[in-house]
Amino acid sequence: MTADNIIDGKAIAADVKERVKREVAEWIDAGNPQPVLATILVGDDPASQVYVGSKRRTTEEMGMRSIHHELPADATQEEVAELIEQLNDDSDVNGILFQLPAPPQIDDEAMTELIDPLKDVDGLTPVSIGHLVEGKPGMVPCTPLGVMEMLRRTSVELEGANVAVVGRSLLFGKPMAQLLIHANATVTQCHSRTRDLPGECRRADIVIVAIGRPKMVTADYVKEGAVVIDVGINRTEDGLVGDVDFDAVQPLAKAITPVPGGVGPMTIAMLMHNALAAAKLQAPVRA
Ligand code: NDP
């Protein structure tokens, strides 16, 4: 295989953002209010500041409005809850993004559960997760949604395909498996207790890995001609690497995502998609 098998996440993300930007303009032209995405950051974790900054910038680039609330590192859970409730009640706000993880005195899960499901751009509230399992329209977590978009744009056949999803987090692995099931794939959900992980992966037509273990998935895990999606982001002495040993697996794969430049850029693009979707979901409620 040549480098033609590399899935360019940056280019696909740029396309998605171009589409969202166009649809935001059409939405506003049709007489609807400019969509508003509110971000909440508790504390001063430098990585979270960078993430939120980039989400805010991209929101504005899409033609939507970003409003930002910053609470000090020693903010109480009551203060965070109060802010979320206030944003839930504010009919000008369409989306609420609570940047995780918050400092230890804050229960991330409890705070996420307070977000109005119609404004849940991360798709992590119990109502959003329930809708996803039921196959009903609703907000879907950004990274698995981004992987679905990549597979669609790469014309990967999902109907009847065997897919191994490695990782079972609420943020990625579980919603990923649900989306694939709805697309009629046969899904094997693997995790740290899976008995024969290389064997499970080798049986799969598509291997999707989100474990947070640098380069753990080697050529031994992948059958010739499989599609490999690497969600992992690991900071190592060699720089940013994925969960897949890219150099070893790329020659075998029909298609593969690199790290960086693969799944990573899709997450923020799909967040933008979700912010506009939230504004549209709320439109009948407003009327
Ligand atoms: P979590 O730590 O929440 O979950 C990791 C999952 O991997 C768990 O289900 C765990 O199994 C499983 N796992 C860990 N070690 C092994 C192993 N040796 N063999 C098999 N399974 C294993 O992580 P996330 O899902 O949040 O993230 C995973 C990776 O994806 C990270 O590198 C993260 O940075 C990246 N990520 C990237 C995003 C992006 O935008 N590109 C977005 C989200 C995540 P068990 O349940 O049994 O413990």
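Now for a look at the structure at hand. Values in this document were obtained by computation on a predicted structure and should not be read as measured data. (Residues numbered from 1 in each chain as written. Predicted model: local features only at pLDDT ≥ 70, side-chain atom pairs only at ≥ 80, totals over all residues. Heavy atoms only, no water.)

## Focus: the nonpolar core
Quick reminder of the rule: Definition of nonpolar core: a set of buried residues of the types Ala, Val, Leu, Ile, Met, Phe, Trp, Tyr and Cys, connected through side-chain atoms within 4.5 Å. Burial here depends on accessible area, computed with a 1.4 Å probe over protein chains only, as a share of the maximum for the residue type. Under 20% is buried, over 50% is exposed, and the range in between is partly exposed. Put simply, DSSP H or I for four residues or longer makes a helix, DSSP E for two residues or longer makes a strand, and each gets a number counted from the N terminus. Note that the domain bounds reflect an automated or database-derived domain assignment. By definition, residues are in contact when any of their heavy atoms lie within 4.5 Å.
Ranked by size, the top nonpolar core spans 48 residues in total, and within it Val 147, Leu 151, Leu 180, Ile 206, Ile 208 and Ile 229 carry the most contacts. For this core, the elements supplying multiple residues, two or more each, are helix 1 (9-29), helix 6 (142-153), strand 4 (162-166), helix 7 (173-182), strand 6 (206-209), strand 7 (227-230) and helix 10 (264-286). Residue assignment places this core across two domains, with domain 1 (31-116) and domain 2 (142-265) each supplying three or more. When near neighbours in sequence (up to four residues on either side) are disregarded, Val 147 contacts Phe 172, Met 176, Ile 208, Ile 229, Val 231 and Val 263.

## Topic: the pattern of salt bridges
For clarity, the cut-off: Salt bridges are defined by distance alone: a side-chain nitrogen of Lys or Arg within 4 Å of a carboxyl oxygen of Asp or Glu.
Tallied over the entire structure, the rule returns nine salt bridges. One salt bridge connects Glu 23 with Arg 19, and the closest N-O pair in it is separated by 3.6 Å. One end of the pair is Glu 23 and the other is Arg 19, both in helix 1 and four residues apart, which spans about a single turn. What makes Glu 23 partly exposed here is its relative accessible area of 23%. For the salt bridge of Arg 152 with Glu 149, the shortest nitrogen-to-oxygen distance reads 3.0 Å.

## What to know about the sheet that holds strand 2 (residues 65-71)
So the rule is basically this: The pairing criterion is simple: DSSP has to find at least two bridges between the two strands. Every axis corresponds to a line fitted to the C-alpha atoms, with the helix fit spanning only the stretch in contact, and the corresponding angles, defined between N-to-C directions, vary from 0 to 180 degrees.
An order of 2-1-3 is seen for the three strands of this open sheet, with the pairing classed as parallel. At either end of the open sheet lies a strand with only one pairing partner, and these are strand 2 and strand 3 (95-98). Across the sheet, the mean angle separating the axes of adjacent strands is 20° when strand polarity is ignored. For strand 1 (residues 36-42) and strand 2, the ladder comprises seven bridges, and the chain directions are parallel. For Val 36, the partnering residue across the bridge sits in strand 2 and is Arg 65. Contacting strand 1, strand 2 and strand 3, helix 2 (residues 46-61) crosses the sheet at an angle of about 160° to strand 2.

## Quick notes on the environment of Thr 39
Among the secondary structure elements, Thr 39 is positioned in strand 1. A relative accessible area of 2% places Thr 39 in the buried class. Sequence spacing of Thr 39 and Lys 55 is 16 residues, and the spatial spacing of their C-alpha atoms is 8.6 Å. Excluding residues within four positions of it along the chain, Thr 39 makes contact with Val 52, Arg 56, Ile 67, His 68, His 69 and Leu 97.

## Digging into the site of the ligand
Operational definition: We call a residue near a molecule or strand when any one of its heavy atoms sits within 4 Å of it. Polar contact criterion, stated in full: a pair of N or O atoms within 3.5 Å, where within protein one must be able to donate a hydrogen and the other to accept it, and residues adjacent in sequence count only if both atoms are side-chain atoms.
Around the ligand, the structure places 20 residues, and the nearest of them are Arg 168, Ser 169, Ser 192, Ile 233 and Thr 267. In the environment of the ligand, an oxygen atom lies 2.7 Å from a nitrogen or oxygen atom belonging to the side chain of Arg 168. Contacts to the ligand include Arg 213, whose side-chain N or O atom sits 3.3 Å from a nitrogen atom.

## Notes on helix 1
Three or four residues apart is the spacing at which side chains of an α-helix point the same way, because the helix has 3.6 residues per turn. Just so we agree on the cut-off: Take the number of residues in a helix, subtract one, and multiply by 1.5 Å to get its expected span. Directions drawn from the helix axis to the C-beta atoms are what define this arc.
End to end, helix 1 covers 30 Å across 21 residues, agreeing with the expected 30 Å (1.5 Å per residue, within 8%). Along helix 1, the positions that sit buried rather than exposed are Gly 9, Ile 12, Ala 13, Val 16, Arg 19, Val 20, Val 24 and Trp 27. The arc enclosing the buried residues of helix 1, seen along the axis, measures out at 140°, which places them on a common side. Residues of helix 1 that are exposed and point over 90 degrees away from its buried face: Lys 10 and Asp 29. Residue Asp 8 occupies the N-cap position of helix 1, its side-chain oxygen lying 3.1 Å from the main-chain nitrogen of Lys 10. After helix 1 finishes, the residue Gly 31 shows a positive phi value of roughly 100°.

## A word on the state of the cysteines
Rule in force here: Only a pair of cysteine sulfur atoms within 2.5 Å counts as a disulfide in this structure description.
Counted by the stated rule, this structure contains zero disulfides. Take Cys 190: it sits in no disulfide, and the sulfur closest to it among the cysteines is that of Cys 201, at 5.2 Å. Using a relative accessible area of 0% as the deciding quantity, one classes Cys 190 as buried.

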